[in-house]
Amino acid sequence: MVETIQVIGAGRVGAALSARLGERGVELREGDAELVLLCVPDTAIADVARSLEPGPWVAHVSGATALSALDPHERRFGLHPLQTFTRSRGPEQLDGAWAAVTAETDEARELGFELARLLGLNPFELADEARPLYHAGAAIASNYLVTLHRVASELFRAAGAPPEALTPLMRRTIDNGFELTGPIERGDWETVEAHRRAIRATRPDLEPLYDVLAEATAR
């Protein structure tokens, strides 16, 4: 395992990783480190990588970006923490999450797995060409959950119900292993149609979204 790391980028992910590395006794340097960890926006990875002198290991934490963005560096890998981060929390956000490691050599793969475990992550190997599909799945699970909560909250407000009541429901759905319940699971299509009519009368702009989700759920 490397003993010195330079973290470039102090955003939500970079701050959490730096804090965890400091907790684990890794020396954080501004230069001359064994590993340079790029925690910058996806669009900046290639430019930052090209600005670095070849020699140390170079890795990025992007979920969708190919390893070719790290050219011309040959000692490289990708490590994507499969987690959503906020500045209001610290390195504990990493605990128990998974991490996708993409590597081209056994040495790079071993280093990526070691770094993931050091950070408190559970590593798994991911092919470079599969990264966009993998990241799409991650975005659906995390980003679109935010969208669904906001849409459901708007319907609750329109109905005069408290949106905060949705949070325990959503958490229990996760705790129950995403076991499907409700009218579609029961085959209660009259209730589904009642949903459509109510949405059409109150928020017609949301009816297409409801239809798409209902169709996917029914399948």
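Details of the structure are given in the entry above.
Residues numbered from 1 in each chain as written. Predicted model: local features only at pLDDT ≥ 70, side-chain atom pairs only at ≥ 80, totals over all residues. Heavy atoms only, no water.

## Some thoughts on the environment of V151
Mapping V151 onto the fold places it in helix α4 (residues 131–159). Relative accessible area serves as the criterion here: at 17%, V151 is assigned to the buried category. Between the alpha carbons of V151 and L166 there is a distance of 11 Å; along the sequence they are 15 residues apart. Those residues in contact with V151, other than ones at most four positions away along the chain, are L206 and L209. (Helix = DSSP H or I, 4+ residues; strand = E, 2+ residues; numbered from the N terminus. Buried < 20%, exposed > 50% of the residue type's maximum accessible area, 1.4 Å probe, protein only. Contact = heavy atoms within 4.5 Å.)

## So, the sheet that holds strand β1 (residues 4–8)
By way of backbone hydrogen bonds, the strands of a sheet pair with one another, either parallel or antiparallel. The mixed open sheet is built from seven strands, whose spatial order is β2-β1-β3-β4-β5-β6-β7. Among the strands making up the open sheet, the edge pair consists of β2 (27–28) and β7 (122–125). Looking at chain direction, β1 and β2 are connected through two bridges and run parallel. Residue pairing in the sheet places I5 in a bridge with L28 of β2. With respect to the sheet, helix α1 (residues 12–23) is in contact with β1, β2 and β3 (35–38), its orientation differing from that of β1 by roughly 165 degrees. With respect to the sheet, α4 is in contact with β4 (57–60), β5 (76–82), β6 (98–103) and β7, its orientation differing from that of β5 by roughly 15 degrees. (Pairing = 2+ DSSP bridges. Axes fitted to C-alpha atoms, helices over the stretch in contact; angles between N-to-C directions.)

## Digging into helix α5 (residues 166–175)
Of all 10 residues that make up α5, one are buried, and the element is exposed over most of its length. Two residues or fewer after α5 comes G177, characterised by a positive phi angle close to 70 degrees.

## Quick look at helix α3 (residues 106–119)
Helix length check: α3 (14 residues) gives 20 Å between terminal C-alpha atoms against 20 Å at 1.5 Å per residue, within 8%. Every buried residue of α3 is listed here: A108, L111, G112, F113, L115, A116, L118 and L119. Two residues or fewer past α3, G120 is found with a positive phi of approximately 90 degrees. (Expected span 1.5 Å × (residues − 1).)

## Here's the deal with the nonpolar core
If you look at the biggest cluster of nonpolar residues, it comprises 29 residues, and the most contacted ones within it are I5, F77, L79 and L115. Broken down by secondary-structure element, the contributors of at least two residues to this core are β1, α1, β3, β4, β5, β6 and α3. L115 has contacts with M1, I5, L21, L35, L37, F77 and L79, leaving out every residue within four places of it along the chain. Core analysis: the next-biggest nonpolar cluster, separate from the first, contains 11 residues, V36, L52, V58 and L70 among them. (Core = buried A, V, L, I, M, F, W, Y, C linked by side-chain atoms within 4.5 Å.)

## Regarding the packing of aromatic side chains
Applying the stated rule across the entire model yields three aromatic pairs. Site record: aromatic cluster; members linked through ring pairs are W98, F124 and Y134. (Phe/Tyr/Trp six-rings, centres within 6.5 Å; stacked < 30°, edge-to-face > 60°.)

## Quick notes on the side chain of S62
You can see S62 is positioned in the loop between β4 and β5. We classify S62 as buried; its relative accessible area is 5%. In terms of polar contacts, S62 uses its side chain to reach the backbone amide nitrogen of A64, at 3.3 Å. A distance of 2.7 Å separates a polar atom in the side chain of S62 from a polar atom in the side chain of T65. Sequence-distant contacts of S62, defined by excluding residues within four places in its chain, comprise D42, I45, H80 and R131. (Polar contact = N/O pair within 3.5 Å; in protein donor to acceptor, adjacent residues only side chain to side chain.)

## As for the packing of helix α7 (residues 189–202) against helix α8 (residues 207–218)
Contact geometry for α7 and α8: axes closest at 9 Å, N-to-C directions at 160 degrees. As the angle between them shows, α7 and α8 are arranged roughly antiparallel. As α7 runs across α8, the sense of the crossing is right-handed. Within the contact between the two elements, α7 uses W189, V192, H195, R196, I199 and R200 and α8 uses E207, Y210, D211, A214 and A218. Considering only residue class, the contact of α7 with α8 consists of six nonpolar, one polar and four charged. (Parallel < 35°, antiparallel > 145°, perpendicular 65-115°, else oblique. Left-handed = near helix turned anticlockwise from the far one by under 90°. Nonpolar A, V, L, I, M, F, W, Y, C, P; charged D, E, K, R; others polar.)

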